[in-house]
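Letter by letter, the chains look like this.
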Amino acid sequence: MDALEKKKILAELGDIPEEVYDDLARVFIGQLAGRISELKQACRTGDRAALKQMAHTLKGTSGNLRLHQVYLLTVELNDIANDQEAGPRVEELISLLAECVAVLKKEFHCS
């Protein structure tokens with residue numbers, strides 16, 4: 001995320017201090033990283049309700065934080081979570097979310 005994009009996000013969020021935003025983003029990134037394995041497990045076991053619930057929660061938080069790539073992936077995941085025939089796409093979306101975690105960890109200097 002470049003400085004101009006972050007400035008725009010901070011303004012949209014009511015000019016919150018950058019440090020506060022970064023702290024919130026780091027907490028979310030940590031939670032998202034932990035959810036990846038849970039999403040994979042729900043996909044493997046066919047627990048569509050859990051998959052949809054997690055996708056919905058991640059969608060809301062990523063949208064609030066304006067983490068657009070994560071938001072777009074979780075919107076789609078939320079939309080197809082109940083479709084039994086969408087297994088391959090669900091797996092792909094989860095893999096893409098894992099890739100986003102890696103990128104966001106670097107951007108926000110997460111451990």
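The structure reproduced in this document is the subject of the present report. Please read these numbers as outputs of a predicted model, since none were measured by experiment.

### Observations concerning the packing of helix H1 (residues 3-12) against helix H2 (residues 18-45)
At their nearest, the axes of H1 and H2 sit 11 Å apart, and the two run at 95 degrees to each other. If you check the angle between H1 and H2, you find them roughly perpendicular. Contacts between H1 and H2 involve Lys6, Ile9 and Leu10 on the former and, on the latter, Glu18, Tyr21 and Asp22. Classifying every residue of the contact of H1 with H2 by side-chain character gives three nonpolar, no polar and three charged.

### Looking at the layout of surface pockets
Of the volumes computed, that of the largest pocket is approximately 160 Å³. Taken together, Met1, Glu5, Arg66, Leu67, His68, Gln69, Val70, Cys100, Val103, Leu104 and Glu107 make up the lining of the largest pocket. Take the lining of the largest pocket: its biggest share by element is four residues, from helix H5 (residues 87-107).

### Some thoughts on the packing of aromatic side chains
One pass over the structure, following the stated rule, counts one aromatic pair. Their ring planes at 55 degrees and their centres at 6.1 Å tell us that Tyr21 and Phe108 sit as a pair that is tilted. Here the residue Tyr21 occupies a position in helix H2, and Phe108 occupies one in the segment after H5, the gap between them amounting to 87 residues.

### Looking at the pattern of salt bridges
Taken as a whole and judged by the stated rule, the model has seven salt bridges. With a closest N to O distance of 2.7 Å, Glu76 and Arg89 form a salt bridge. Here Glu76 is found in helix H4 (residues 68-80), whereas its partner Arg89 is found in helix H5, with 13 residues between them in sequence. Take Glu76: its relative accessible area is 28%, and that puts it in the partly exposed class. It is possible to trace a salt-bridge network through shared partners that takes in Lys6, Glu18 and Asp22.

So, how was this worked out
Going along each chain's sequence as written, the residues are numbered from 1 onward. This being a predicted model, a pLDDT of at least 70 is required before a residue's local features are given, and a value of 80 or more before pairs of side-chain atoms are given or counted; all residues contribute to the totals for chains, interfaces and linings. The side-chain quantities take in all heavy atoms of the structure and omit both hydrogens and water. Between the N-to-C directions of two axes lies an angle of 0 to 180 degrees, each axis being a line fitted to C-alpha atoms and, for a helix, fitted only over the stretch in contact. The secondary structure listing takes helices from DSSP runs of H or I that are at least 4 residues long and strands from runs of E that are at least 2 residues long, numbered from the N terminus. For classification, angles of less than 35 degrees are called roughly parallel, those exceeding 145 degrees roughly antiparallel, those between 65 and 115 degrees roughly perpendicular, and all remaining angles oblique. Contacts were defined at the residue level, with two residues in contact if any of their heavy atoms lie within 4.5 Å. Note that Gly is not counted as nonpolar here; it falls among the polar residues with everything else outside the nonpolar set of Ala, Val, Leu, Ile, Met, Phe, Trp, Tyr, Cys and Pro and the charged set of Asp, Glu, Lys and Arg. Definitions used throughout: a 1 Å grid over protein atoms alone; a cavity as a set of points that fits a 1.4 Å probe which cannot get out; a pocket as an open set with protein on both sides within 12 Å along at least five of seven lines; a lining residue as one with an atom within 4 Å of a point. Grid points are joined across faces, edges and corners, and a volume is the space filled by probe spheres set on the points. Aromatic contacts are taken between Phe, Tyr and Trp rings whose centres are within 6.5 Å, Trp giving its six-membered ring; a plane angle under 30 degrees counts as stacked, one over 60 as edge-to-face, and the others as tilted. Counted as salt bridges are all cases of a side-chain nitrogen of Lys or Arg within 4 Å of a carboxyl oxygen of Asp or Glu. Burial here depends on accessible area, computed with a 1.4 Å probe over protein chains only, as a share of the maximum for the residue type. Under 20% is buried, over 50% is exposed, and the range in between is partly exposed.

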